[in-house]
Amino acid sequence: MALRISQDNFEEKVLQADKPVLLDFYSDTCIPCKRMAGPLGEVEDAYEEQIYVYKINVNYDEKLAEQYGVMSAPTLVYLENGEEKNRLVGAAGKEQIIKLFEN
């Protein structure tokens, strides 16, 4: 399961990461977010050597959501060297998630 991060450890875990990062901006009350947990977990397991997958709760970490222009949950943001490379808004399946970082 993806590690939940916050403003406190964001720089260390995301901006200074030694490999690409996939951020899952979610909410505990979001049904599409809950549906996406399975496919996201499969991607995390299959690509654990290539990317980090982290979760950010938009209700508790509003500043991070605002910083990345997240307007709705779920939103996936793919970063390389701390720079956004791709984004997906709304619930997604495993194949759609993989396309975020394989292209």
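Shown above is the structure to which this text applies.
Conventions and cut-offs
Residues numbered from 1 in each chain as written. Predicted model: local features only at pLDDT ≥ 70, side-chain atom pairs only at ≥ 80, totals over all residues. Heavy atoms only, no water. Buried < 20%, exposed > 50% of the residue type's maximum accessible area, 1.4 Å probe, protein only. Helix = DSSP H or I, 4+ residues; strand = E, 2+ residues; numbered from the N terminus. Pairing = 2+ DSSP bridges. Right-handed = clockwise from strand over helix to strand, strands pointing away. Contact = heavy atoms within 4.5 Å. Phe/Tyr/Trp six-rings, centres within 6.5 Å; stacked < 30°, edge-to-face > 60°. Lys NZ or Arg CZ within 6 Å of the ring centre and 35° of its normal. Disulfide = S-S within 2.5 Å. Axes fitted to C-alpha atoms, helices over the stretch in contact; angles between N-to-C directions.

Enquirer: I keep staring at the pairing of strand β3 (residues 52–57) and nothing clicks. Help me out?
Expert: Sheet faces and side chains relate simply in a regular strand, where the side chains alternate between the two faces. In terms of burial, β3 is largely enclosed, as five of its six residues are buried. Relative to β3, strand β1 (residues 3–4) runs parallel, the two sharing two bridges. Within β3, the position partnered with Arg-4 by the bridge is Lys-55. Across six bridges, strand β2 (residues 21–26) lies against β3 in parallel orientation. Its bridge partner lying in β3, Leu-23 is registered against Tyr-54. In the classification by handedness, the crossover that spans β2, the intervening helix α2 (residues 31–46) and the parallel β3 is right-handed.

Enquirer: In this structure, what is going on with the pairing of strand β4 (residues 75–80)? I would like to understand it.
Expert: With five of its six residues buried, β4 lies for the most part within the structure. Bridge count between β2 and β4: five bridges; the pairing is antiparallel. What sits directly across from Asp-24, in β4, is Leu-76. Between β4 and strand β5 (residues 83–89), which pair antiparallel and follow one another directly, the connecting turn spans two residues, one of which, Asn-81, has a positive phi of 55°.

Enquirer: Just to check I follow, could you spell out the side chain of Asn-57 for this structure?
Expert: Its place among the elements puts Asn-57 in strand β3. When sequence neighbours within four positions are dropped, the list of residues in contact with Asn-57 reads Arg-4, Tyr-26, Ser-27 and Asp-28.

Enquirer: Help me understand the packing of aromatic side chains in this model?
Expert: Any pair of aromatic rings gets described here by the distance separating the centres and the angle formed by the planes. Tallied over the full model, the rule gives five aromatic pairs. Ring centres of Tyr-47 and Phe-101 lie 4.9 Å apart, and the angle between their planes is 80°; this geometry places the pair in the edge-to-face category. Of this pair, Tyr-47 sits in the loop between α2 and β3 while Phe-101 is found in helix α4 (residues 94–102), placing the two residues 54 residues apart along the sequence. On the basis of relative accessibility, which here comes to 14%, the residue Tyr-47 falls in the buried class. Ring pairing ties together the aromatic residues Phe-10, Phe-25 and Tyr-68, which thus form one cluster. Above the ring of Tyr-52, the side-chain terminus of Lys-19 is found at 4.5 Å from the ring centroid.

Enquirer: Whenever I open this one, the state of the cysteines confuses me. Can you help?
Expert: Here is the idea: a disulfide is a covalent bond, and it sits between the sulfur atoms of two cysteines. Taken as a whole and assessed by the stated rule, the structure comprises one disulfide. The disulfide bridge from Cys-30 ends at Cys-33, spanning 2.5 Å between sulfur atoms. Here the S-S torsion is close to 80°, and the disulfide linking Cys-30 with Cys-33 is therefore right-handed. For the pair shown, Cys-30 and Cys-33 are each scored as buried.

Enquirer: Would you mind going over the sheet that holds β5 with me for this structure?
Expert: In any sheet, the strands associate via hydrogen bonds between backbone groups, in a parallel or an antiparallel arrangement. Pairing is mixed in the open sheet, where five strands are placed in the order β1-β3-β2-β4-β5. Here the strands that pair on one side only, and so sit at the sheet edges, are β1 and β5. Bridging between β4 and β5 involves six bridges; their strand directions are antiparallel. Within β5, the position partnered with Glu-80 by the bridge is Glu-83. Along the sheet face, α2 touches β2, β3 and β4 and points at about 165° away from the line of β2. Strand contacts of α4: β2, β4 and β5, with the helix running at about 160° to β5, the strand carrying the most contacts.

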